[in-house]
Amino acid sequence: MDLSFWILQFLNAMQYSMLLFLLSIGLTVIFGLLHFVNLAHASLYMMGAYIGISVAAMTGSFWAAFFLAPMFVTLIGAVLYFTLIDRMRTAGPMNQVLVTFGLIFVFLDLVRMGWGDIALGLDGPASLSGTTRLLGVDYPAYRLFIIALGLGVMATMWLVLARTQIGAMIRASVENTNMAAALGINVSKLFFLVFCFGCALAGLAGVAAAPILSATTTMGITILIPTLIVVVIGGLGSLEGAIVGSVIIGFMETFGAVMIPSFSAVLTYALLAVVLIWRPQGLIPARG
Amino acid sequence: MFYQTKLRSITLIAALIFLACYASFGSYFAREIVVEIIILAILAISLDLCAGFGGMVSLCHGAMMGVAAYGFAIMSAKLGWPLFPSALIGLFAAVVFSGLVGWVTSRTNGIFFIMATLAFGQMAYTFFFKSRWLGGDDGFGGISRFDLSMIGLETNDSLVFTYIGLVILLLAYGLTAIVMRSGFGRTLSGIHVNEDRMKALGVNTAAHRAKAMAFSGFIAGLAGIIAAQHTLYISPELLIWTTSGEALIVVILGGLGTLVGPIIGAILLVLMKHEISNYTDYWHAFIGLVLIFTVLAGGRGVFGQIEYWFNKLTQKHQSTTKPHGDDHA
């Protein structure tokens, strides 16, 4: 195994990490602000992929799907927010887990009704169909695009959270919702905006993943567990935690599968167990 | 706190008689359904004891059941041990596994407990899924049922097997009810309501929670032994987290913290599943909507709601009398 092999694995791990990041960041910010555990977040990811495939089939353009699918998913998220999420916010973790578990079932069958049980593919954009030479290896350009997308979202979110007024409002609300409300921040409007934004990112992750992974009815459930692990390892509600968590899990799963195939699947769960015992609040907790 | 009220006793007996009749007068297929209900009901009782009384919403109960089933199947089918000792080993393995999970997670609460149990359950699932010796995701067969011919029972007869299952269900219920009525169960409820106060009273709450999980593992293990002997075959499907999720649905559908509720919930869920799949392929969505509706309607579940109405009705006449039960917590 030469150096180029490891570079290839490094890029694969980066690409998987970025996908996990796009999903976990929405989940974690929603939890940090709304104290809501949305297991159906991964179902929105699945909806993003399927809606993207339909939009691409209708318009013939990947980019139309890439921009429209997150919007449709945001719309679904907004409907969910007003019908269920908002009234479940104070209902305790068990009821939240149950309701969103029910939603997973509903979305699963909605997809089966709308698109059938067969795995569907989505062609990536023609401009990104080839390979690019990077660090001495030929790597698919589309996968590099996902890495860039993840890094771009990461940088934008950091800028927004750290440098803008709305970012300050979000940070204040995560720290102490009541105090933020007392200072005149419209907290319920903020909740709604953040929830929609998280849903949009889930949809974006779905449509971005479709050309690589192809859309299946189980894709939501499959990615849900690693996403939850990322969020818990990083620290529920923490942006930095989601970054660190997704990189750790992305690299551990990719390199684990290469280096210790028989043990790799247990590795992630073992890490989660260790973190939960040693630092139950996560590696980088949201509240210092 | 648990009270074996008259309403609960009547409902329990009615449910058992219903299942026995359904199996006796129905076809072979009806008996398969009843065994499926029995397995799910025992698993849900085991989860109710954790979630309803201890406040520990576990997503690893499927794994607890699966560990017992694998333990039994490995000892009997792979290593050729006699069946009864193998079953005891299986139950012991489930108790050890659950106790360990309970001990490690005893300081976590709420969503962290849910996530931690999910992780340990999936860890066990992945272990069996990846194990080549145990057939990986295909699992393995060659399991046989208890030989009870010396007392004149032919367990390979589907009706006899169903009756034995019903007896084990009653035993699991009775055992759990006795433990929940004892000081141990009262202390567990106390920890659920106010852990700090129980600590101040000198209770080692972490150890107590771990013991409760271990006992829950024993009950879940009973379901695992029946499941392995029912299909004579075993696969990692038993351990996957959605099995635990299904048990949680059953508990909520029937009524959390009532012990009878899980039996009612299991009957409803399995019958709904089979009835709906006669008409449509999309029973998942229906179950999902029923679950959402149950939670939105107050989360008492079917039996819990009936009990709530019943108590309201009777309390109008006797406002001060509480349901009786021995208090020595």
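It should be emphasised that the depicted structure is a prediction, and the values quoted were computed from it without experimental measurement. (Residues numbered from 1 in each chain as written. Chains lettered and ligands numbered in written order. Predicted model: local features only at pLDDT ≥ 70, side-chain atom pairs only at ≥ 80, totals over all residues.)

Draft legend 1. Expanded view of the overall build of chain B. Helix and strand content of chain B: 13 helices and 2 strands. Taking 20 Å as the expected radius of gyration for a compact globule of 329 residues, we find that chain B reaches 20 Å, a close match to that expectation. Dimensions along the principal axes, computed over C-alpha positions, put chain B at roughly 60 × 45 × 45 Å. Of all 329 residues assigned to chain B, the portion counted as buried reaches 51%. Restricting to contacts in chain B with at least 6 residues of sequence separation, those with at least 24 account for 78%. (Helix = DSSP H or I, 4+ residues; strand = E, 2+ residues; numbered from the N terminus. Rg over C-alpha atoms; globule rule 2.2 N^0.38 Å. Buried ≥ 20, exposed ≤ 12 C-beta atoms within 10 Å, placed from the backbone. Contact = placed C-beta atoms within 7 Å.)

Draft legend 2. Highlighting the overall build of chain A. Looking only at helices and strands, chain A has 11 helices and 2 strands in total. If you list the helices and strands of chain A from N to C, you get α-α-α-α-β-β-α-α-α-α-α-α-α. What you see for chain A is a C-alpha radius of gyration of 19 Å, in line with the 19 Å of a compact globule of 288 residues. The C-alpha extent of chain A, read off along each of the three principal axes, is 55 × 45 × 35 Å. Considering chain A as a whole, with its 288 residues, one finds that 50% of them fall into the buried category. Nonlocal contacts in chain A, meaning residues at least 24 apart in sequence, comprise 75% of its contacts between residues at least 6 apart.

Draft legend 3. The arrangement of unusual backbone geometry in detail. For Ser214(A), which is not glycine, the phi torsion reads 60 degrees and is therefore positive. The class of Ser214(A) is partly exposed, set by 15 C-beta atoms lying within 10 Å. The phi torsion at Leu259(B) lies on the positive side, around 65 degrees, for a residue other than glycine. Within the secondary structure, Leu259(B) sits in the loop between α10 (241–254) and α11 (260–279). You can call Leu259(B) buried: it has 27 C-beta atoms within 10 Å.

Draft legend 4. Inspection of the interface of chain A and chain B at higher detail. Taken residue by residue, the interface counts 30 residues in chain A and 29 residues in chain B. Those elements giving two or more residues to the side of chain A that touches chain B turn out to be α4 (92–115), α9 (219–234) and α11 (264–278) of chain A. Top element by residues in the side of chain A that touches chain B is α4(A). It accounts for 16 residues. Looking at the side of chain A that touches chain B residue by residue, the classes come out as 25 nonpolar, 3 polar and 2 charged. (Nonpolar A, V, L, I, M, F, W, Y, C, P; charged D, E, K, R; others polar.)

Draft legend 5. Focus on the packing of helix α1 (residues 3–34) of chain A against helix α10 (residues 239–259) of chain A. Residues and elements named next belong to chain A. Packing of α1 against α10 brings their axes to within 7 Å, and their N-to-C directions diverge by 145 degrees. The two elements α1 and α10 cross, and the hand of that crossing is right-handed. Of the residues that constitute the contact of α1 with α10, the class distribution is 13 nonpolar, 10 polar and 1 charged. (Axes fitted to C-alpha atoms, helices over the stretch in contact; angles between N-to-C directions. Left-handed = near helix turned anticlockwise from the far one by under 90°.)

Draft legend 6. View of the confidence of the model for chain B. Averaged over every residue, the pLDDT of chain B is 88; the share at 70 or more is 96%. The ipTM for the predicted assembly is 0.83, set against a pTM of 0.88. (pLDDT = per-residue confidence, 0-100.)

Draft legend 7. Spotlight on the nonpolar core. All names here are of chain B. Leu40, Ile42 and Ala69 are the most contacted members of the largest nonpolar core, which totals 209 residues. No other element matches the 17 residues that helix α2 (residues 28–54) contributes to this core. Ignoring any residue separated from it by four or fewer positions in sequence, one finds isoleucine 42 in contact with Leu169, Ala172, Ile219, Leu222 and Ala223. (Core = buried A, V, L, I, M, F, W, Y, C linked by C-beta atoms within 7 Å.)

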